[in-house]
Amino acid sequence: MDTALLSVEAVSVVLPTPRGPLKAVDAVDLSLAPGRTLGVVGESGCGKTMLSRAILQLLPKRAKLDGRVMFNGRDLAALQPEALRRLRGPELAVVFQDPMTSLNPVLTIGTQLVETMQAHLGLDSAAAAKRGAELLAEVGIPAPEQRLRQYPHQLSGGMRQRVAIAIALSCEPKLLIADEPTTALDVTVQAQILDLLAREQRRRHMAMIIITHDLGVVAGRTDEVAVMYAGRVVERAPTPQLFAHMRMPYTEALLAAIPKLDAPPHTTLPAIAGRPPDPTRPLPGCSFAPRCRYADDRCQGAKPPLADPERAGALYACWHPL
Amino acid sequence: MNASPPETLLAVADLKVHFPITKGIVVKRQVGTVKAVDGISFSVGRGETLGLVGESGCGKSTTGLAILRMLDITSGKVEFEGEDISAYDRGRMRPIRARMQMVYQDPYGSLNPRMKVADIVGEPLVVHGLATDKDKYRARVAELLKMVGLLPDMAERYPHEFSGGQRQRIGIARALALEPTLLICDEPVSALDVSIQAQVVNLFMELQERLGLTYIFIAHDLSVVRHISDRIAVMYLGRIVEIATRDQLYKDPLHPYTQALLAAVPIADPEIEAGRTQQIITGEIPSALRPPPGCRFHTRCPKAMDVCKTVDPPMRERDDGRAVACHLHS
C-alpha cells in the first residue's frame, strides 16, 4: 500500500451540550492513500459528519478535538487559520449534501467558481472564467458559458450539485470529501453524480471520502469501507471483503434492513429494534449491545476494541464476530 | 394479487390538475400552465397497495393531494367507494375525508410542535365531533398509540421529545384515528434512517393486515415500493407511463423510463454493482410548464425514435393486464 495521504489518529470530538458533554467522535483511526476511495457509512447521529468536519477543521467553535489529523505529513489540527485556508482548495476540498445552502445565493455561479481559482491558483479573471466554463463542461453542465452568469436558484438540485463539484475540483485537490453528496437527489440523478465523482476521482488520481447512510452507494464505488456507530468505527475492511463477510452484527443488521430488489415482498423486514444510545450517556460496554441479538454480559460490561485478531485485513469491534 | 382486483375502492379517470401561472398584480393574466398531473387513470382495489413512483416533480404528490381533494381538480373523475367525489365541496368532502387519510413525509414539519401527542392524535376525533365522551376519547387515543407501537404514557409529551421514527408513528396514529379505509402515504419513510425505515415499513404492513387498509404508497425509493406494493404505477411529467403488478414491473420493466429507474438504484453488493450493465439516462426531468412534444420522455430516452418526437404514445393495456405508454410497445 502507498504511504498515507491522510491519517486520522485517535481523533475524538466532544461537543458541550446542556445535558453534558457529547462525544460525537470517539477515538477514530483511519488512513487513506492517494487515489483511493473510502466510504464512511452510518446512520444519523453516528458521528460521520463530525468526523469529516474534524478532518476539514470545520468543527463548531465550542467543539473540542483530540488526536491528530495528519495530511501530507502535517497535523491539520495544529495549523494556523491562514495556513489552513491555503490548503483548502488545492489540497482539501468538500462537497456537501445540500448544494442550495453550500452555494451563495446572491453570487453568480461564475463568481463563485472564479473567485476560488483566482485566490488559490493566481489566475487572472479571463483565464479563470475560461477554466470555469471548461470545468462546468467537465461536470456535465450544458451551455456552460451561459450558466456562469446564472444564480444558484436558477438551477435544479442536480445541476447545483454539479456546480458544487466543479468548485471543489477547480483547484485540483488531493483529497475530496463528499458528505452525503446525493441524499437530496433523485435516484437517476444520484447515479449520474456518483458516476461523475468516480470518473473525476480516477482521472485526477484524487483520494476521496464518501460519507453516506446508504450501503448501496459505497458497495460499487469505494475501495474500503468504515462503518460507524455511536461515534466509533465498528468495522473497517476492503469493500469486497466487507460485503463478502461482515463481522460486526451492526453492519449485517444494517444491510438486512434494506429491502432487496430480489427478496420476497410483503415479508417482515429484519428491522433493528430500538435506536442508538444517547450520546451524552455513553455505555460502559459495546454501544450496539442493547440492540444486538448476540449480546451477552461481556458486551454490556466491556467495550470491544477495533482490531484484526485474525490478521485478515478486516478490522471489527465485536466480542462475538459473525 | 392480479392486475384487476375484485372490488375497486378508488378509481381515477383522466385526472388533470393544472396550475395557472399568472403575471401582474392588479390585472392578473395567465401566462402559462403547469400541468402537474395531466390525464392519469388508475384504480386501487380494497386491501391493495398501489405504489406510485417517479422523480421529484413528476406529479406523484399532486396526485395524492388531488384524490383527497386538498387541491382542485381541473378535470377528470375520482370515484371513492363508488361515489364520484370530483366535484364535491368542502362540506360534502368532510365525511369522505374520514375514510381517506394522509401520512406525510416530514415527521418534523407535519406535527404541531406546541401540541401534545394526545391532542395531535385525537384532533381528527375532535374535528369530526367524535370526542364527546372524555374517557372514551382518552381510551381511543391510548389505543391508537398502542396500535402504532408507542406507549400510552407518551401521550402527554410534545413532538420534540421523539425521534424521527417515533414521530412518523404519531403521524400514522393520527391518520388512523377515524378508521379510514384508504391511506395515502406520501414518502412516509424517506426521511428516516435505514434501521428505522424498516421498522416503519413493517408497521405499515402489520396495520394493513390487521385493519384491512388500502394504501397508495408514494415514494422515490424503488426497493421500498417493491417491498410493500401489489401493483406499481410509474409517473413521468404528470403522466403514468407504466402500470403493472410488482413482479411484472421488476422482472420485466417495459417502459425505458422504468428500466432506467431500476438501473439507477444502488445495490448493496459490490459484485452485482461491478457486473451491472449501466443504462443510465442523462439529464433531468424537464419543466412541467413546457413539457416536450410527443412522448414526454423522448428527450432523455436512450431508445427514442423519430415518431417519439411528435406523437404522444397513448396508454395501451396489454393482454397480461399491465399497461404501458410507449411506441416500442404499441
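Description of the structure in this document. None of these values were measured; they are calculated from a predicted model.

Brief notes about the overall build of chain B
Piece 1. For chain B, the helix and strand inventory stands at 11 helices and 12 strands.
Piece 2. With the principal axes as the frame, chain B shows a C-alpha extent of 70 × 60 × 40 Å.
Piece 3. Long-range contacts, defined as pairs at least 24 residues apart, comprise 64% of the intrachain contacts of chain B with a sequence gap of at least 6.
Piece 4. Carbon and sulfur atoms form 50% of the exposed surface of chain B, whose accessible area is close to 14,500 Å².
Piece 5. Charge separation in chain B, taken as the distance between the mean sites of 40 positive and 40 negative side-chain charges, equals 6 Å.

Thoughts on the overall build of chain A
Piece 1. A tally of helices and strands in chain A yields 12 helices and 11 strands.
Piece 2. Computed over its C-alpha atoms, the radius of gyration of chain A comes to 21 Å, within 12% of the 20 Å expected for a compact globule of 322 residues.
Piece 3. In terms of overall dimensions, chain A has a C-alpha envelope of 65 × 50 × 45 Å along the principal axes.
Piece 4. Across the 322 residues of chain A, 53% fall into the buried class.
Piece 5. At a minimum sequence separation of 6, the contacts of chain A that also span at least 24 residues come to 64%.

Section: the interface of chain A and chain B
Reports of interface size often rely on the accessible area that becomes lost once the parts have come together.
Piece 1. With 45 residues of chain A at the interface, the matching set in chain B holds 40 residues.
Piece 2. Summed over both partners, the interface of chain A with chain B buries about 3,500 Å², with 59% contributed by carbon and sulfur atoms.
Piece 3. Our count for the contact surface shared by chain A and chain B stands at 0 salt bridges.
Piece 4. Counting only elements with at least two residues in the side of chain A that touches chain B, the list comes to α7 (157-169), α8 (187-204), α9 (215-219), α10 (239-244) and α11 (249-256) of chain A.
Piece 5. Per-element accounting of the side of chain A that touches chain B gives the leading share, 7 residues, to α8(A).
Piece 6. Broken down by class, the residue content of the side of chain A that touches chain B amounts to 22 nonpolar, 14 polar and 9 charged.

Thoughts on helix α4 (residues 134-147) of chain B
Residue and element names in this part refer to chain B.
Piece 1. An ideal rise of 1.5 Å per residue puts 20 Å on 14 residues; α4 measures up with 20 Å between its terminal C-alpha atoms.
Piece 2. The complete set of buried residues in α4 reads Y137, R140, V141, L144, L145 and M147. Projected down its long axis, α4 shows its buried positions confined to an angular sector of 160°, all on one face. Across from the buried face of α4, at angles greater than 90 degrees, the exposed residues are D135, R138 and K146.
Piece 3. Check the buried side of α4 and you find it contacts α3 (117-127), α5 (164-176) and α6 (194-211).
Piece 4. You can read the cap of α4 off the contacts: a side-chain oxygen lies 3.0 Å from the backbone nitrogen of D135, and it is on D133.
Piece 5. Where α4 terminates, the next one or two residues include G149, which has phi positive at roughly 85°.

Some thoughts on unusual backbone geometry
Piece 1. Of note in this structure, A:A10 is not a glycine but carries a positive phi near 50°.
Piece 2. You will see that B:E187, though not glycine, has its phi angle at about 50°, which is positive.
Piece 3. Turning to its location among the elements, B:E187 is positioned in the loop between β7 (182-186) and α6.

What to know about the sheet that holds strand β3 (residues 49-53) of chain B
Residues and elements named next belong to chain B.
Piece 1. Across the sheet, which stays open at both edges, the 8 strands sit in the order β6-β7-β8-β3-β9-β10-β12-β11 with mixed pairing between neighbours. Strand pairing shows two members of the sheet lacking a second neighbour, β6 (100-103) and β11 (316-317), which therefore form its edges.
Piece 2. Judged from the 4 bridges that link them, β3 and strand β9 (residues 231-236) form a sheet pairing that is parallel. From the neighbouring strand, L52 faces β9, where its bridge partner is A233.
Piece 3. Relative to β6, α5 is tilted by about 170°, and along the sheet it contacts β6 and β7.
Piece 4. Lying over the sheet, helix α9 (residues 256-264) contacts β3, β9 and β10 (239-245), oriented at roughly 100° with respect to β9.

Focus on the packing of α3(B) against α5(B)
All names here are of chain B.
Piece 1. Axis separation between α3 and α5 bottoms out at 7 Å; the angle between their running directions is 30°. Considering the angle they form, α3 stands roughly parallel to α5. Taken together, the residues of α5 that come into contact with α3 (itself represented by V117, I120, V121 and P124) are I170, A173 and R174.
Piece 2. In terms of residue class, the contact of α3 with α5 is made up of 6 nonpolar, no polar and 1 charged.

Concerning the pattern of salt bridges
Piece 1. A complete count under the given rule lists 43 salt bridges over all chains for this structure.
Piece 2. A network of salt bridges, in which partner residues are shared, links A:K130, A:R131, A:E134, A:E138, A:E172, A:R199, A:E200, A:R203 and A:R204.

Some words on the side chain of A:Q161
Residues and elements named next belong to chain A.
Piece 1. By the element assignment, Q161 lies in helix α7.
Piece 2. When its relative accessible area of 0% is taken as the criterion, Q161 is described as buried.
Piece 3. For Q161, the residues in contact, after removing those within four places along its chain, are V95, F96, Q97, P99, P181, L185 and I193.

Points about the side chain of A:D186
Piece 1. Structurally, the position occupied by A:D186 is in the loop between β7 (175-179) and α8.
Piece 2. As a buried residue without a salt bridge, A:D186 has its nearest oppositely charged side chain in B:K60, at a separation of 5.4 Å.
Piece 3. Side chain to side chain, A:D186 and B:S56 meet in a polar contact 2.5 Å long.

Thoughts on the pairing of β7(B)
Residue and element names in this part refer to chain B.
Piece 1. Among the 5 residues in β7, 5 count as buried, and that is most of the element.
Piece 2. Every second residue of β7 is oriented toward a common face, with L182, I184 and D186 on one face and L183 and C185 on the other, all of them buried.
Piece 3. Sheet analysis places β6 next to β7, joined by 4 bridges and oriented parallel. Paired with V103 across the strands is C185, a residue of β7.
Piece 4. Relative to strand β8 (residues 214-219), β7 is paired through 5 bridges, and the arrangement is parallel. When the sheet's bridge partners are listed, L183 is paired in β8 with Y215.

Conventions adopted
- Residues numbered from 1 in each chain as written.
- Chains lettered and ligands numbered in written order.
- Predicted model: local features only at pLDDT ≥ 70, side-chain atom pairs only at ≥ 80, totals over all residues.
- Heavy atoms only, no water.
- Helix = DSSP H or I, 4+ residues; strand = E, 2+ residues; numbered from the N terminus.
- Contact = heavy atoms within 4.5 Å.
- Areas by Shrake-Rupley, 256 points an atom, 1.4 Å probe, with all protein chains shown as cover.
- Lys, Arg positive; Asp, Glu negative; His and termini not counted.
- Charge placed at Lys NZ, Arg CZ, Asp CG, Glu CD.
- Rg over C-alpha atoms; globule rule 2.2 N^0.38 Å.
- Buried < 20%, exposed > 50% of the residue type's maximum accessible area, 1.4 Å probe, protein only.
- Buried area = accessible area lost by both parts, 1.4 Å probe.
- Salt bridge = Lys/Arg side-chain N within 4 Å of Asp/Glu carboxyl O.
- Nonpolar A, V, L, I, M, F, W, Y, C, P; charged D, E, K, R; others polar.
- Expected span 1.5 Å × (residues − 1).
- Arc of directions from axis to C-beta.
- Polar contact = N/O pair within 3.5 Å; in protein donor to acceptor, adjacent residues only side chain to side chain.
- Pairing = 2+ DSSP bridges.
- Axes fitted to C-alpha atoms, helices over the stretch in contact; angles between N-to-C directions.
- Parallel < 35°, antiparallel > 145°, perpendicular 65-115°, else oblique.

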